[in-house]
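Spelled out, the chains give:
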Amino acid sequence: ITPAAIIKKLTGLVAATFTPLTAEGEINLSVIGPYIDYLIEKQNVKSVFINGTTGEGCSLTVDERKQLAAAWCQHGKDKLEQVIVHVGCMSIKDSQELAQHAASIGADGIAVISPSYFKPVNADALRLFIKEVSTFAPDLPMYYYHIPSMTGVAFDAADVLNGIEQVIPSFQGVKYTGTDLRDLGQCVCYSQSHNWSVLFGVDEQLLGALVLGVHGAVGSTYNYLGCIVNKMLVAFDNGNHMQTRALFHHYLCSAGFDVSVNKQVMSEVSGLAMGPPRLPLLPCPVSKAQAIALKIKDFSQGH
């Protein structure tokens, strides 16, 4: 039986997790266990995407990323449904090392952004990069993480997907963090015949993506608003568009959409110490995060 035949398709809400740091800026692994319990019990979110943009993955060392991945897999065993580890780096060697490590600790999948200093000149070059990373974890589902606003790599994700199954047998889908709905629609269309997952990554535009047929969403706000968005997904699936819109409008009013803000909001809402972001990101003023947390509390009590 091929690995693809027994792979559990990644669907629904996936929390793009924050990396807990101490006040001195060191990774704080002691928070991971309680963090997992909080996601499952309070937000009904059972899959995570770690070391991505929200997790400040590109600001962490390879060793720090390994420690975090190991902690998430260890504490999440028999609790979380899927732990997807982002392994994208500027250096292909670092990405390969992280991919191999993810496979060794029992991760459920890996994802890769495009390198962004030396950028791939076209979709073929990027596909080759992803392929060379996947060979270090051939049995793990591989996802392409498309985020042109951060990488500056703006060619269509659909072009990257085109024919990728012929070179990467473990390929399982795309995390689409972009606003080009035409390209997103093409990704959904291409993925249908392969039973891949298309997961949307722009939290505040999720409703538009659902209409196009995405299979789930990966985002930072699902750490602390997963419960509300899960209700919205149920309403959408049931064809209750008025309730879907109402929930989405409330969600938009009570979410933050920047890593520093979200990290502080998560600390306020969950009571878990996420700590500051790492430079060059600056901490969010606590008063701003508290104001957002208050809105969330008011809304949650009303539901």
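Residues numbered from 1 in each chain as written. Predicted model: local features only at pLDDT ≥ 70, side-chain atom pairs only at ≥ 80, totals over all residues. Heavy atoms only, no water.

(A) Structural context of the pattern of salt bridges. Across all of its chains, the model carries eight salt bridges by this definition. When the shortest N-O distance is used, the salt bridge between Asp124 and Arg127 registers 2.8 Å. Here the residue Asp124 and the residue Arg127 both occupy positions in helix α5 (residues 123-134), the gap between them amounting to three residues, near one helical turn. Given the relative accessible area of 14%, Arg127 is considered buried. (Salt bridge = Lys/Arg side-chain N within 4 Å of Asp/Glu carboxyl O. Helix = DSSP H or I, 4+ residues; strand = E, 2+ residues; numbered from the N terminus. Buried < 20%, exposed > 50% of the residue type's maximum accessible area, 1.4 Å probe, protein only.)

(B) Region of the structure containing unusual backbone geometry. Of note, the amide linkage connecting Leu279 to Pro280 takes the cis form, showing an omega dihedral of 15°. Even without a glycine there, the phi angle at Asn44 is positive, about 55°. By the element assignment, Asn44 lies in the loop between α2 (32-43) and β2 (47-50).

(C) Representation of the packing of helix α11 (residues 222-237) against helix α12 (residues 241-253) within the structure. At a minimum axis separation of 8 Å, α11 and α12 run at an interaxial angle of 165°. The angle between α11 and α12 falls in the class roughly antiparallel. The interaxial crossing formed by α11 with α12 has left-handed handedness. Counting all contacts with α11, which are made through Tyr222, Leu225, Ile228, Val229, Lys231, Met232, Ala235 and Phe236, the residues of α12 involved are Gln243, Thr244, Leu247, Phe248 and Tyr251. Residue composition of the contact of α11 with α12, by class: ten nonpolar, two polar and one charged. (Axes fitted to C-alpha atoms, helices over the stretch in contact; angles between N-to-C directions. Parallel < 35°, antiparallel > 145°, perpendicular 65-115°, else oblique. Left-handed = near helix turned anticlockwise from the far one by under 90°. Contact = heavy atoms within 4.5 Å. Nonpolar A, V, L, I, M, F, W, Y, C, P; charged D, E, K, R; others polar.)

(D) Representation of the UniProt feature "active site" (unreviewed entry) in the protein chain within the structure. The sites that UniProt annotates as "active site" (unreviewed entry) are Tyr145 and Lys175. Over a stretch of 31 residues, the named residues converge on one spot in the fold, their C-alpha atoms separated by at most 4.7 Å. Among the secondary structure elements, Tyr145 is positioned in strand β5 (residues 142-146). In this structure, Tyr145 is in contact with Phe49, Thr53, His86, Ala111, Val112, Ile113, Ser114, Lys175 and Thr177, ignoring residues within four places of it in sequence. (UniProt positions renumbered as here; feature names shortened; annotations may be inferred.)

(E) Just the pairing of strand β3 (residues 82-86), in detail. Burial of β3 is extensive: five of the five residues sit out of reach of the surface. Judged by which residues are buried, β3 turns out to be covered on both faces: Gln82, Ile84 and His86 on one side and Val83 and Val85 on the other are all buried. Taken together, β2, helix α3 (residues 62-76) and β3 constitute a β-α-β crossover, and its handedness is right-handed. Here β3 pairs with strand β4 (residues 109-112) via three bridges, running parallel. Residue Ile84 lies in a different strand from β4, and its bridge partner there is Gly109. Crossover connection from β3 via helix α4 (residues 92-104) to parallel β4: handedness right-handed. (Right-handed = clockwise from strand over helix to strand, strands pointing away. Pairing = 2+ DSSP bridges.)

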